[in-house]
Amino acid sequence: MNPLTRLTNRLRRPLYVRLVGPADQSAAALHGLAHLINRRPDMADRRIRIDLTIREKPKGAQ
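Residues numbered from 1 in each chain as written. Predicted model: local features only at pLDDT ≥ 70, side-chain atom pairs only at ≥ 80, totals over all residues. Heavy atoms only, no water.

When you go through the protein chain residue by residue, the secondary structure sums to two helices and two strands. Start at the N end of the protein chain and walk to the C end: the helices and strands fall as α-β-α-β. For 62 residues, the compact-globule estimate of 2.2 N^0.38 gives 11 Å, and the C-alpha radius of gyration of the protein chain, at 15 Å, exceeds that figure by more than 25%. Taken across its 62 residues, the protein chain has 13% of its residues classed as buried. (Helix = DSSP H or I, 4+ residues; strand = E, 2+ residues; numbered from the N terminus. Rg over C-alpha atoms; globule rule 2.2 N^0.38 Å. Buried < 20%, exposed > 50% of the residue type's maximum accessible area, 1.4 Å probe, protein only.)

Here you go:
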């Protein structure tokens, strides 16, 4: 990856990811996301923002 591409990736808006759910599903989704990012050379030096909310019960359930 050349320096211009790295600079461009740093200046791009961050990739926003929102994960909401039980701990095991959120962990699996985060693991899958890490594999996806690791396999994609265009994601090198890209800013990523992850909003993680752990809920054991679905919203609204009692």
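With 90% of its residues at a pLDDT of 70 or more, the protein chain has an overall mean of 84. For the protein chain, per-element mean pLDDT is lowest for helix 1 (residues 3-11), which scores 79, and highest for helix 2 (residues 23-39), which scores 91. (pLDDT = per-residue confidence, 0-100.)

To continue, consider the pairing of strand 2 (residues 48-54). Two strands pair when backbone bridges link them, and strand 1 (residues 15-21) and strand 2 are joined in this way by seven bridges, in the parallel orientation. Looking at the pairing, Gly21 lines up with Ile54 of strand 2. (Pairing = 2+ DSSP bridges.)

Glancing now at the environment of Leu30. Structurally, the position occupied by Leu30 is in helix 2. Distance in space between the C-alpha atoms of Leu30 and Leu7 is 26 Å, their sequence separation being 23 residues. Not counting residues up to four positions away in its chain, the partners in contact with Leu30 are Leu19 and Ile50. (Contact = heavy atoms within 4.5 Å.)

Tracing the sequence through the fold places Arg46 in the loop between helix 2 and strand 2. On the basis of relative accessible area, Arg46 is assigned to the buried category, the value being 18%. Engagement of the side chain of Arg46 in a polar contact is seen with the backbone oxygen of Arg13, the distance being 3.2 Å. With near-sequence residues (within four places) excluded, Arg46 lies in contact with Asn9, Arg12, Arg13, Pro14 and Leu15. (Polar contact = N/O pair within 3.5 Å; in protein donor to acceptor, adjacent residues only side chain to side chain.)

By the element assignment, Ser26 lies in helix 2. Here Ser26 falls in the buried class, since its relative accessible area comes to 4%. With sequence-adjacent residues up to four places away left out, Ser26 is seen in contact with Leu19, Val20, Gly21, Leu52, Thr53 and Ile54.

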